[in-house]
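# Descriptive structure summary
Each chain, written out:
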Amino acid sequence: MSIAGLPRGEGLAWTKPRGAIAWAAGFQPTKDAAGVRAIQLDGTMPGLRARELDRSARRDLASVLRRAELALSGVDLWIPPEHFEAGEHQDRAVAAVIDAAGLLGDVVGLVGLGSPTLCVRWPKELNGGVRAAMVAAADARGVVIADFGKGETQPPIGVGVDPATVMFAGGDAAAAASAAGDRLRAARLSDADEAGRRVVGEGRLD
């Protein structure tokens, strides 16, 4: 379960990482939904930003996940794509990706889990050197990058597909997943209609 953008409505009265993790750990299965075994953290959430977490804080995060019996699938780092283009935001955006890869490497190393996924949205046109620096940092920590943006991806970068985002753009979610083929690294279960994101089953997703 991804906690990025999860609405904090009734029963979701949490604002800090521990509350989000506890909520995911206590998610009750229904006839249509299985229990949660892994969590995708929000890399832009206060308290989970990689630059804010020193070694001690990362050990504490790993301990919280172990106690909750949750695996760590990765981190969502939804930085606006244009921030990766040349300009005043580029250095900070690139540093955030590199730092997030380091965070994932550290925490996954402490809890002994598999290869995590760092989900990003990169612009269609991204400087090759900038891309290579981020990929190298992720690869060094055993982290896979999944790009949910509109750019062309080549190994080792994977493709991410979020049906709601695809539908907002007038596309077909199934066709997008099929087009990704063996490059598909992260797939979401999300729904939407003309008014916005919806609970799965209440939107246009077939």
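See the structure above.
This structure is a prediction, so every number in the text was calculated from the model and none was measured.

### Here we look at the packing of aromatic side chains
Under the definition given, this model contains 2 aromatic pairs. Taking the centre distance of 5.2 Å and the plane angle of 80° together, the rings of Trp-78 and Phe-148 count as edge-to-face. Here Phe-148 lies in the loop between strand 4 (144-147) and strand 5 (158-161) and Trp-78 lies in the loop between strand 2 (71-76) and helix 3 (90-111), a separation of 70 residues in the sequence. Owing to a relative accessible area of 23%, Trp-78 belongs among the partly exposed residues under this scheme. Geometrically, the ring pair formed by Phe-84 and Trp-122 is edge-to-face, given 6.3 Å between the ring centres and 70° between the ring planes. Remark: Trp-122 occurs in the loop between strand 3 (117-120) and helix 4 (128-140) and Phe-84 occurs in the loop between strand 2 and helix 3; sequence separation between them is 38 residues. Like Phe-84, the residue Trp-122 is buried in the burial classification.

### A few points about the pattern of salt bridges
Applying the stated criterion across every chain yields a total of 8 salt bridges. Between Arg-197 and Asp-162 there is a salt bridge, and its shortest N-O distance comes to 2.6 Å. With Arg-197 in strand 8 (residues 196-198) and Asp-162 in the loop between strand 5 and helix 5 (163-168), this pair connects stretches of sequence that are 35 residues apart. Relative accessible area serves as the criterion here: at 46%, Arg-197 is assigned to the partly exposed category. On the accessibility criterion, Asp-162 (9% relative accessible area) is buried. Of the charged contacts, one joins Arg-204 and Glu-194 as a salt bridge, the two residues approaching to 3.5 Å between their closest N and O atoms. Here Arg-204 is found in the segment after strand 8, whereas its partner Glu-194 is found in the loop between strand 7 (191-193) and strand 8, with 10 residues between them in sequence.

### Examining helix 4
Because each turn of an α-helix spans 3.6 residues, side chains separated by three or four positions end up pointing in the same direction. For helix 4, spanning 13 residues, the distance from its first C-alpha to its last is 18 Å, which sits close to the expected 18 Å at 1.5 Å a residue. Listing the buried residues of helix 4 in full gives Val-130, Arg-131, Met-134, Val-135, Ala-137 and Ala-138. Within helix 4, the buried residues cover an arc of 160° as seen down the axis, which keeps them to one side. For helix 4, the exposed residues set more than 90 degrees away from the buried face come down to Gly-128, Asp-139 and Ala-140. Where helix 4 is buried, its residues contact helix 3 and strand 4. Between the side-chain oxygen of the N-cap and the backbone nitrogen of Gly-129 there are 2.8 Å, and the N-cap of helix 4 in question is Asn-127. Downstream of helix 4 by a residue or two, Gly-142 has a phi angle that is positive, lying close to 75°.

### Describing the packing of helix 3 against helix 4
Taken N-terminus to C-terminus, the directions of helix 3 and helix 4 make an angle of 20°; their axes are 8 Å apart at the nearest point. The orientation of helix 3 relative to helix 4 falls into the category roughly parallel. The crossing of helix 3 and helix 4 is right-handed. Across the interface between the two elements, Gln-90, Val-94, Val-97, Ile-98 and Ala-101 from helix 3 touch Val-130, Ala-133, Met-134, Ala-137 and Ala-138 from helix 4. When grouped by side-chain class, the residues that make up the contact of helix 3 with helix 4 number 9 nonpolar, 1 polar and no charged.

### Digging into the packing of helix 2 (residues 55-68) against helix 3
Relative to each other, helix 2 and helix 3 sit at 55°, their axes nearing to 9 Å. Between helix 2 and helix 3, the interaxial angle falls into the category oblique. Helix 3 is crossed by helix 2, and the crossing has right-handed handedness. Only Asp-99, Gly-102, Leu-103, Asp-106, Val-107, Leu-110 and Val-111 of helix 3 make contact with helix 2, whose side of the interface consists of Arg-58, Arg-59, Leu-61, Ala-62, Leu-65 and Arg-66. Residue composition of the contact of helix 2 with helix 3, grouped by class: 7 nonpolar, 1 polar and 5 charged.

Cut-off values and rules
- Residues numbered from 1 in each chain as written.
- Predicted model: local features only at pLDDT ≥ 70, side-chain atom pairs only at ≥ 80, totals over all residues.
- Heavy atoms only, no water.
- Phe/Tyr/Trp six-rings, centres within 6.5 Å; stacked < 30°, edge-to-face > 60°.
- Helix = DSSP H or I, 4+ residues; strand = E, 2+ residues; numbered from the N terminus.
- Buried < 20%, exposed > 50% of the residue type's maximum accessible area, 1.4 Å probe, protein only.
- Salt bridge = Lys/Arg side-chain N within 4 Å of Asp/Glu carboxyl O.
- Expected span 1.5 Å × (residues − 1).
- Arc of directions from axis to C-beta.
- Contact = heavy atoms within 4.5 Å.
- Polar contact = N/O pair within 3.5 Å; in protein donor to acceptor, adjacent residues only side chain to side chain.
- Axes fitted to C-alpha atoms, helices over the stretch in contact; angles between N-to-C directions.
- Parallel < 35°, antiparallel > 145°, perpendicular 65-115°, else oblique.
- Left-handed = near helix turned anticlockwise from the far one by under 90°.
- Nonpolar A, V, L, I, M, F, W, Y, C, P; charged D, E, K, R; others polar.

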